[in-house]
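# An overview of the molecular structure
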Amino acid sequence: METDIDDLYQLLDLSNDAIVVRELSGNVLFWNGGAERLYGYTRQQAIGRKLSTLLDADSSSDLHAVGTALLLSTGSWKGEIAQRTASGIVIKVSCSWTLSERDGSCRVIEICSDITSASKTKEALDRSEARFRSIFENNSVALLEMDFTRVIQELAAAPGLADSVRNRPNEIEKNISQGLLAQIRINDCNSAAVRMLGLSHKSEVLGGAQRWISASDCNIPAMLKALLERDSIFEDECTIRGADGESLTVAIGFSFSAKDFELDRILVAVLDVTGAHEHREELTRAHFRLAKEGRAAAVGAFSASIVHELNQPLAALLMNVSASIRWLNRPEPNIDAARNSAMHAKIEGERARSILEQTKARMTTERMKVIRYELPELVRNTVTILARDLEAADVEIDVKIAQDIREMVGDPVGVQQVLVNLINNGIEAMTGVIVDKRLTLTVAPAEHGFVRLSVSDTGHGIVPESEGHIFTPFFTTKPSGMGIGLAICVSILEIAGGSLSARNNTDRGATFDVILPVSSPETGEARR
Ligand code: ADP
């Protein structure tokens, strides 16, 4: 039995908790190894001393008094108190006191553990949370705390959907995007967000994110891709609807990379850039007006060059008609010579007509419709249309389209006309080239709000003599060229608020770069 008690004492010594048995008066009867380690007094120093004196605990403190009262009335007490150790340091301990009766006398068993560092960590956390709350609440930028838990669960549950979002976010259908958006919730927001949406209380903002955001105006799959890949930051521009139904153009920024990443507390900053956006649109419109005026001047110059160009075939035509009449008016008409002159006159007449036809496209006053269209689709369709020509010329074609090309607003017919011209020029530039006849079409984002469409060939390149002239109407280096293809492309792009430039490649061939605005001004006026 004695051995059993020894074993029990050894076990109690091994405990990390301080285990102390004291009389009700406070005299220490038992002091384990945990108490030695926690309070810094040896068993010999502690036993027989009054616990409150030893640990300098303020036995008159409210907490201590309440603890003692509860211990006496209920037989136990649990709580947190401050105690001073042998080295004079005050520590915070979590204690459990139990009243035990033995041989007619009452004792108190105290089991205590140090919670100083845990409570310090908690205090630091509370302070940090309070700081965060104050930054969150008082920020002039609208901040939303969003919950992505359900949308991530949905992505995990739908076979292949997460992979599609990762690899082809721009190909996710709108109704799927809308379904994903419906799973995103706004759990909290600051007062700047309430004001931005034209509301008066936070509770009106909270709930499903789709109340303010539409999947057709914001790239939800791209946002989820960034979340899945833990990209440090995701920024985008999209449209949200305020309470009054007005659209706001906003820049949104997500921060996903926090170490203790919590899906239900993702912070989203929303900045209203409607004003800046309107300025940009005004600028584009001004650009468009300028281009129109510039075009009027160009038409003048163009007419002059048509006159110049038509002069020669018309003079030849008249000369041949006169010769033909002369042959016929002879006393003995020379029918063969007259026919020959008439044939030449016909050829010159046809030449004049083809010059006029070629210029018709440029002089036409058709109305151009500005619509929403997908540039990748337009590029692929154009390649399909020209597939036979490419095959006949033995030209390989590579199409490289960046993932983040968004829907465009503009004149797809004009853009296709430009692309056809550039592809045809590329094919022609590779005539005579024996190996590796290759056209590369690249679509990639350019500077903010623009897209670059490049057509690159492996042909003879732009010859030095023609540099600086290739966009001039009627400039051609081809025996049967008209020299108006590139001039027409420039006109179309200028009207659309874009541009065209050309450069020779470092190795071989030339590259033509089309810069297009993602969104052309929607005027509905005659555009060309
Ligand atoms: P054309 O019908 O004569 O080709 P364009 O206006 O389309 O009229 O082109 C003008 C000139 O620009 C061409 O004659 C040619 O010298 C040059 N050019 C156009 N595209 C290319 C190209 N891909 N590589 C080299 N030169 C080109």
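Summary of the structure given here. (Residues numbered from 1 in each chain as written. Predicted model: local features only at pLDDT ≥ 70, side-chain atom pairs only at ≥ 80, totals over all residues. Heavy atoms only, no water.)

### A few points about the site of the ligand
The environment of the ligand is formed by 20 residues, the closest being Asp457, Thr476, Thr477, Lys478 and Leu486. With respect to the ligand, the side chain of Asn425 contributes an N or O atom lying 2.9 Å from an oxygen atom. In the environment of the ligand, an oxygen atom lies 2.4 Å from a nitrogen or oxygen atom belonging to the side chain of Thr476. Notes on the ligand: free accessible area 540 Å², of which the protein chains cover 94%. At the level of secondary structure, the elements contributing two or more residues to the shell around the ligand comprise helix H17 (412-429), helix H18 (485-495) and strand E18 (510-517). (Near = heavy atom within 4 Å. Polar contact = N/O pair within 3.5 Å; in protein donor to acceptor, adjacent residues only side chain to side chain. Areas by Shrake-Rupley, 256 points an atom, 1.4 Å probe, with all protein chains shown as cover. Helix = DSSP H or I, 4+ residues; strand = E, 2+ residues; numbered from the N terminus.)

### Concerning the pairing of strand E16 (residues 450-456)
Most of E16 sits out of view: five of its seven residues are buried. Turn length for the strand E15 (residues 438-445)-E16 hairpin, with the two strands adjacent in sequence and antiparallel, is four residues, and the turn residue Gly449 shows positive phi of about 85 degrees. (Buried < 20%, exposed > 50% of the residue type's maximum accessible area, 1.4 Å probe, protein only. Pairing = 2+ DSSP bridges.)

### What about the state of the cysteines?
One pass over the structure, following the stated rule, counts two disulfides. Shown here is the disulfide that connects Cys95 with Cys112, its sulfur atoms set 2.2 Å apart. Every disulfide takes its handedness from the sign of the S-S torsion; for Cys95 and Cys112 that torsion is 115 degrees, giving right-handed. Of this pair, Cys95 sits in strand E4 (residues 90-102) while Cys112 sits in strand E5 (residues 105-114); the two residues are 17 residues apart in sequence, bridging distant segments of the chain. Comparing Cys95 with Cys112, the two get one shared label, buried. Bonded cysteines in the chain are paired 1-2, 3-4 when counted in the order they occur along the chain. (Disulfide = S-S within 2.5 Å.)

### A closer look at the nonpolar core
By size, the foremost hydrophobic cluster in this structure holds 45 residues, and its most contacted members are Met146 and Phe148. A per-element tally of this core places helix H12 (residues 220-228) first, with seven residues. Residues within four places of Phe148 in sequence aside, it is in contact with Ile184, Met223, Leu224, Leu227, Phe254, Leu263, Asp264 and Ile266. Core analysis: the second largest hydrophobic core is formed by 37 residues, Val418, Leu422, Val451 and Leu493 among them. (Core = buried A, V, L, I, M, F, W, Y, C linked by side-chain atoms within 4.5 Å. Contact = heavy atoms within 4.5 Å.)

### Overview of unusual backbone geometry
Positive phi, normally seen in glycine, also occurs at Asp394, with a value near 60 degrees. Along the chain, Asp394 falls in the loop between helix H16 (387-392) and strand E13 (396-401). What makes Asp394 exposed here is its relative accessible area of 58%. Of note in this structure, Asp436 is not a glycine but carries a positive phi near 45 degrees. Tracing the sequence through the fold places Asp436 in the loop between H17 and E15. By relative accessible area, Asp436 is classed as partly exposed at 40%.

### Quick notes on the packing of H17 against H18
Between H17 and H18, whose axes approach to 9 Å, the crossing angle comes to 150 degrees. As judged from the angle between their axes, H17 and H18 are roughly antiparallel. Read as a crossing pair, H17 and H18 show a hand that is left-handed. Two secondary-structure elements touch here, H17 through Gly414, Gln417, Val418, Asn421, Leu422 and Asn425 and H18 through Gly485, Leu486, Ile488, Cys489, Ile492 and Leu493. When the residues that make up the contact of H17 with H18 are grouped by side-chain class, the tally is seven nonpolar, five polar and no charged. (Axes fitted to C-alpha atoms, helices over the stretch in contact; angles between N-to-C directions. Parallel < 35°, antiparallel > 145°, perpendicular 65-115°, else oblique. Left-handed = near helix turned anticlockwise from the far one by under 90°. Nonpolar A, V, L, I, M, F, W, Y, C, P; charged D, E, K, R; others polar.)

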